[in-house]
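Here is how the chains run, residue by residue.
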Amino acid sequence: MRGEAVSLTEAETGVLSHITPDTVAMLTAGLVEAPSENPGGTEADAVAVLAQACRSAGFTVDLHEVAPGRPNLVATLESGTGPGLMLLGHSDVVPAGPNWTHDPYRPQFADGRIYGRGTTDMKGGLAAAVCAMQALSHASAYGINLGGPVQLVCTVDEEEHGLGVRDFVTRHSEYSFAGCIVAEPTDLTIVRGCRGASYLEINITGRAAHSGRPADGRSAIEAAASIIDLIRFDHQQLGMTADDLLGSGTWNVGTIQGGQGISVVAPMCELGIDRRLMPDEDANVIADQLRSAIRDSAIDTDGITVDVKVTMEMPGFATPADHALVTTAVSAVTATGRATSVGGWTAACDGGFVSRDLGIPTIVLGPGNINAEAHQPDESVAIDDLETAARTYTLAALRLLTQTAR
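These numbers come from a predicted model, not from an experiment. (Residues numbered from 1 in each chain as written. Predicted model: local features only at pLDDT ≥ 70, side-chain atom pairs only at ≥ 80, totals over all residues. Heavy atoms only, no water.)

## Considerations on the sheet that holds strand β9 (residues 196-205)
Alright, step 1. On the basis of which strands lie adjacent, the open sheet formed by four strands has the order β10-β11-β9-β12 and antiparallel pairing. Edge positions in the sheet fall to β10 (250-258) and β12 (305-314), since each of these pairs with one other strand and no more. Averaged over neighbouring strand pairs, the angle between their axes works out to 20 degrees when direction is ignored.
Alright, step 2. One ladder, built from ten bridges, connects β9 with strand β11 (residues 268-277); its direction is antiparallel. Following the sheet pairing, A197 is matched in β11 by R276.
Alright, step 3. Against the sheet, helix α6 (residues 220-239) touches β9, β10, β11 and β12, its axis set at about 10 degrees to β11. (Pairing = 2+ DSSP bridges. Helix = DSSP H or I, 4+ residues; strand = E, 2+ residues; numbered from the N terminus. Axes fitted to C-alpha atoms, helices over the stretch in contact; angles between N-to-C directions. Contact = heavy atoms within 4.5 Å.)

## Some details on the environment of A332
Alright, step 1. When you line up the elements, A332 lands in helix α8 (residues 324-335).
Alright, step 2. Its relative accessible area of 0% is what places A332 among the buried residues.
Alright, step 3. When the C-alpha atoms of A332 and S7 are compared, they prove to be 9.2 Å apart, with 325 residues separating the residues in sequence.
Alright, step 4. In this structure, A332 is in contact with T392, L395, A396 and R399, ignoring residues within four places of it in sequence. (Buried < 20%, exposed > 50% of the residue type's maximum accessible area, 1.4 Å probe, protein only.)

## Some details on unusual backbone geometry
Alright, step 1. At the junction of N38 and P39, the peptide bond is cis and its omega measures out at 10 degrees in the coordinates.
Alright, step 2. In this fold, P39 is placed in the loop between α2 (21-32) and α3 (44-56).
Alright, step 3. Cis rather than trans, the peptide bond between D121 and M122 has omega equal to -10 degrees.
Alright, step 4. Structurally, M122 is set in helix α4 (residues 119-136).

## Digging into helix α9 (residues 351-358)
Alright, step 1. Taken as a whole, α9 has its buried residues at G351, G352, F353, V354 and S355.
Alright, step 2. Those residues of α9 hidden inside the fold are in contact with β3 (84-90), α5 (163-171), β7 (177-182), β12, β13 (317-318) and β15 (362-364).
Alright, step 3. Among the residues trailing α9, G359 stands out with phi positive, at a value near 70 degrees.

## A short note on the sheet that holds strand β4 (residues 108-110)
Alright, step 1. Read across the sheet, three strands follow the order β4-β5-β16 without closing on themselves; strand pairing throughout is antiparallel. The open sheet has two edge strands, β4 and β16 (380-382), and neither has a second partner. The sheet shows a mean angle of 25 degrees between the axes of neighbouring strands, direction not considered.
Alright, step 2. Looking at chain direction, β4 and strand β5 (residues 113-115) are connected through three bridges and run antiparallel. Each bridged residue has a counterpart across the sheet, and for A110 the counterpart in β5 is R113.

## Quick word on the packing of α2 against α3
Alright, step 1. In the contact formed by α2 and α3, the axes pass within 8 Å of each other and the chain directions differ by 150 degrees. By the angle class used here, α2 and α3 are roughly antiparallel. Of the residues in α3, those in contact with L27, G30 and L31 of α2 are A46, V49, L50 and A53.
Alright, step 2. Of the residues contributing to the contact of α2 with α3, the split by class is six nonpolar, one polar and no charged. (Parallel < 35°, antiparallel > 145°, perpendicular 65-115°, else oblique. Nonpolar A, V, L, I, M, F, W, Y, C, P; charged D, E, K, R; others polar.)

## A closer look at the side chain of R275
Alright, step 1. Inspection of the secondary structure assignment puts R275 in strand β11.
Alright, step 2. Under the relative-accessibility criterion, R275 is labelled buried at 2%.
Alright, step 3. Separated by 3.0 Å, the side chains of R275 and E281 make a polar contact.
Alright, step 4. Apart from the residues lying within four places of it in its own chain, the contact partners of R275 are A197, S198, L200, D234, L238, G249, T250, W251, E281 and I286. (Polar contact = N/O pair within 3.5 Å; in protein donor to acceptor, adjacent residues only side chain to side chain.)

Take a look at the structure:
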């Protein structure tokens, strides 16, 4: 249940009257009905639904194919010439997987919730953003002149390699922005900082020999074990200097493959590593440091070669607690009657690129619970939360952009 709304002006109440739970719920359902699984490169149908909703609302819509059939969308509500507000989301979803009790792409409505793949992560957030912008298009009728544009950015490939956001940050800097709200599912709490993520691939080459004379060969698996020891030690060291907001960087050896056969000294081994990043860390620097540690430990000598490659990097970010974007978001959520909090995330998201590469203050704030509902069978989101998110984005824009205009 939503509590009684507080601290709303008459004009804000007027703008908010253009948001209805049915509208945001039906747009969410329409997006779910357009499957956009990743891996698969199938975002185009979902983006087409989103583009039609934006065009119908009178927004300027720009589509750019990052890869064949994989378009980024930028939809803009033009208003004022000052700094604007960016609302950021992604069109792809993880594969539906097994154990659903119904078709994951035929939305089901029950107990005040919508069920279907992507309802929480994050087609519900996209729908809430569109409905907020629709409401904001009526702001002038209530005597409110927004000081800058409101822009929805929807990227492809967030769940895999970030192709969409990487392309976006190289192409779009035509507006300055007072802030960016990433509509990922935070249960309507304000996330002012996220760790980043990176993947490292380590390929180790040794020399095969008969296992009856192992000294004739050089075991890539034994070298891999020594590298894992280095990683484990660094992981422990990082944990000793944990940050209050985001904790610390972490290592995880996620995959290991190697060897030719039980009776053969292993001539090859491959490690797949996840390294979570603090906001000021660079995956390529970390890879260089690991290479140096491997050399210093004499692992890559005497017939062993090691290649370390960064295959994915998503930067972290942290926005100060007293930044206007954070304090305005808190006031916007609480004005809907919803309790909230401010904190950090151990997960990563596209907002790191917007913060690092475009210099835009960023937070994450959206409907649904990423831990309880996202990436699971029978994924769902509360319709009440979708409406609250739309109202929150509307109020955040009204308060942030009119404040900026002054």
